[in-house]
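# Survey of secondary and tertiary structure
Each chain, letter by letter, is given below.
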Amino acid sequence: MSYFLWVEDFENSPKVTASNVFGSVFDDSLFFDDKRVLKKNLKNKGVFIELSFQDGWGVIAADLEKKIDYVILDIDLPAHSGDGINGEILELLKTFEGYQKLPDEAEDELLLEKKCAELKARAGFYLYTKLVMELGFPKQHILFCSNHAENNKTILAAFATAKIASPQIYQKSDQYVQDWVKSRYENPYSRLRRGIIEGCQFLKALPENQLRFQEFIKESEKQKEPEKQPRIIDDIRDYLDVIANFLPLREPANTASLYKLFVRTLAHEWEAAEPKLLDRQNELFAFSWIMKMTRNWLAHSKVFEKLTAEDVAYLFIVNMRAMFDLGDQLLAYESHLLSLFSTPITANEMKDKAGKDYRDRKMPLIPNYAALLHKSGKRWEAINYHDALNQFQKSKSEKSPEDIAFLINGLYQTFWFLTSNGFVSLPTDEDKNLDTNKLGGYKALNYQFGFFDYKKSDFLLELARHIYNRSFP
């Protein structure tokens, strides 16, 4: 999902208004006429409601780009929510609405009330110009919608006086409003960016004892600058700041190029890492190898020219699970990123595919391994999946689109091979003479891949079921 700021006073039914605007993405059971309940329900879905001009202004002025992806503005808003005008809005009234404090307190109160009423009809104009002109917020990320058509002339006049092109203003009941909200809410780039920002903010707040990246840094690297080792957590927090700020709010025309640069930055730290220092056949070993291969391939090939938002989300999750000890539960930012995978299988399907033992497993590990050996030319040599994948990547300088797709799939399949029980042994003479059609048509090694242990953690089950169809297309 993407995050929205919605500045709306709900002069009509909040339930009906919310249904008109967000009915394309949320179930009507979330919409209530009680504003407090409505705000709470929609906040849980990434929609942050402010009920007055002053409250909306406060959110906009506070590092909005890191907190919000899209803004929906009413044109007609009360100056405040009944708790009085703060100094910033008072200055705005003085500068643009002609307010001058009167000596008599009663008269001044009446004048201030009058100026707040005049501000009401132009509130959306002030918020829009603050966003676009002062903060550089993309105007394509802002939607004006109002049921106060009679006030359109007032706000249009404000734009004309300022010599600024007015945005289109829609009725809340217009189909365009729901279509706009749905397309933005589901936008893969915005959802990816939001998940990365939320993830980096969460990880920066973790205590140092949850950082485990230093455990598999090469000793030769540690000895280069030993004085830096006690402060590795500070280096990682700086790294997280860079990652969080990497993707701009405005989606570029060529996301694939940006995604490649992002993954290059994400994987850069793995130059000094050595996955061989870890225990084998577990998720940490798998994640570290995935990131090590990603770093090496980026430096020596063109494998990552056509990454998707799904691929970047997967590598971000894998990278942070390798760097940090994040426990057994799926984290909120990980759930957000996994929502980019449009065809997850159910938990029961995953359990069925994992199987209980070698004879029951239904994951296509054997034919995929056989296909990799055929491509790498290692058909009669016992070799780990990730080693064979690396050898295939190095085998020739130019790769076909099919080869590149195979390698990207390999980064997903590495997860399955290195977290599933089993082994590979050299073939016997009998094995060499077998009809191996069921192994993808290749005479190959003696495979004994067992089941994927989805019971180890809630996180592994959720990751597995979301990436399964992407891993084995």
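Residues numbered from 1 in each chain as written. Predicted model: local features only at pLDDT ≥ 70, side-chain atom pairs only at ≥ 80, totals over all residues. Heavy atoms only, no water.

## Describing the packing of aromatic side chains
Each aromatic ring pair is described using two quantities: the centre-to-centre distance and the angle formed by the ring planes. Summed over all chains, the structure comprises 36 aromatic pairs. Arranged with centres 5.5 Å apart and planes meeting at 50°, the rings of Phe53 and Trp57 form a pair that is tilted. One end of the pair, Phe53, and the other, Trp57, are both in helix α3 (residues 53-60), four residues apart, so they sit about a helical turn from each other. Judged on exposure class, the residue Phe53 and its partner Trp57 are both buried. One aromatic cluster is present, formed by Phe4, Trp6, Phe10, Phe22, Phe26, Tyr70, Trp180 and Tyr185 through successive ring pairs. (Phe/Tyr/Trp six-rings, centres within 6.5 Å; stacked < 30°, edge-to-face > 60°. Helix = DSSP H or I, 4+ residues; strand = E, 2+ residues; numbered from the N terminus. Buried < 20%, exposed > 50% of the residue type's maximum accessible area, 1.4 Å probe, protein only.)

## Remarks on the packing of helix α13 (residues 255-267) against helix α14 (residues 283-300)
Interaxial distance between α13 and α14 falls to 9 Å at its minimum, and their mutual angle equals 120°. Judged by the inter-axis angle, α13 sits oblique to α14. In terms of crossing hand, the pair formed by α13 and α14 is left-handed. Between α13, through Lys260, Val263, Arg264, Leu266 and Ala267, and α14, the contact on the second element is made entirely by Met291, Thr294, Arg295 and Leu298. Looking at side-chain class alone, the contact of α13 with α14 contains five nonpolar, one polar and three charged residues. (Axes fitted to C-alpha atoms, helices over the stretch in contact; angles between N-to-C directions. Parallel < 35°, antiparallel > 145°, perpendicular 65-115°, else oblique. Left-handed = near helix turned anticlockwise from the far one by under 90°. Contact = heavy atoms within 4.5 Å. Nonpolar A, V, L, I, M, F, W, Y, C, P; charged D, E, K, R; others polar.)

## Quick look at the pattern of salt bridges
Enumeration according to the criterion identifies 21 salt bridges in this entry. Across the salt bridge formed by Arg295 and Glu271, the nearest N and O atoms sit 3.8 Å from each other. Taken together, the positions of Arg295 in helix α14 and Glu271 in the loop between α13 and α14 put the pair 24 residues apart, joining distant regions of the chain. Among the residues examined, Glu271 registers a relative accessible area of 41% and is labelled partly exposed. Glu334 is paired through a salt bridge with Arg321; the nearest N and O atoms lie 2.8 Å apart. Of this pair, Glu334 sits in helix α16 (residues 332-338) while Arg321 is found in helix α15 (residues 309-323), placing the two residues 13 residues apart along the sequence. Taken individually, Glu334 and Arg321 each receive the classification buried, so the pair is uniform in this respect. A single network of salt bridges, built from pairs that share partners, joins Asp69, Arg193, Arg194 and Glu198. (Salt bridge = Lys/Arg side-chain N within 4 Å of Asp/Glu carboxyl O.)

## Re the side chain of Arg212
Within the fold, Arg212 resides in the loop between α10 (188-204) and α11 (219-224). At 4.0 Å, Asp325 is the nearest oppositely charged side chain to Arg212, a buried residue that forms no salt bridge. A distance of 3.4 Å separates a polar side-chain atom of Arg212 from the backbone oxygen of Ala322. Discounting chain neighbours no more than four positions away, the residues touching Arg212 are Leu284, Arg321, Ala322, Met323, Phe324 and Asp325. (Lys, Arg positive; Asp, Glu negative; His and termini not counted. Polar contact = N/O pair within 3.5 Å; in protein donor to acceptor, adjacent residues only side chain to side chain.)

## Here's the deal with the nonpolar core
Of all hydrophobic cores here, the largest spans 92 residues; its most connected members are Leu192, Phe316, Met320, Phe324, Phe415 and Trp416. At eleven residues, the largest contribution of residues to this core is made by α15. When residues no more than four places from it in sequence are discounted, the contact partners of Phe324 are Leu203, Leu206, Gln210, Leu211, Arg212, Ile236 and Leu240. Residues Phe53, Leu92, Val132 and Phe159 belong to the second largest nonpolar core, which totals 36 residues. (Core = buried A, V, L, I, M, F, W, Y, C linked by side-chain atoms within 4.5 Å.)

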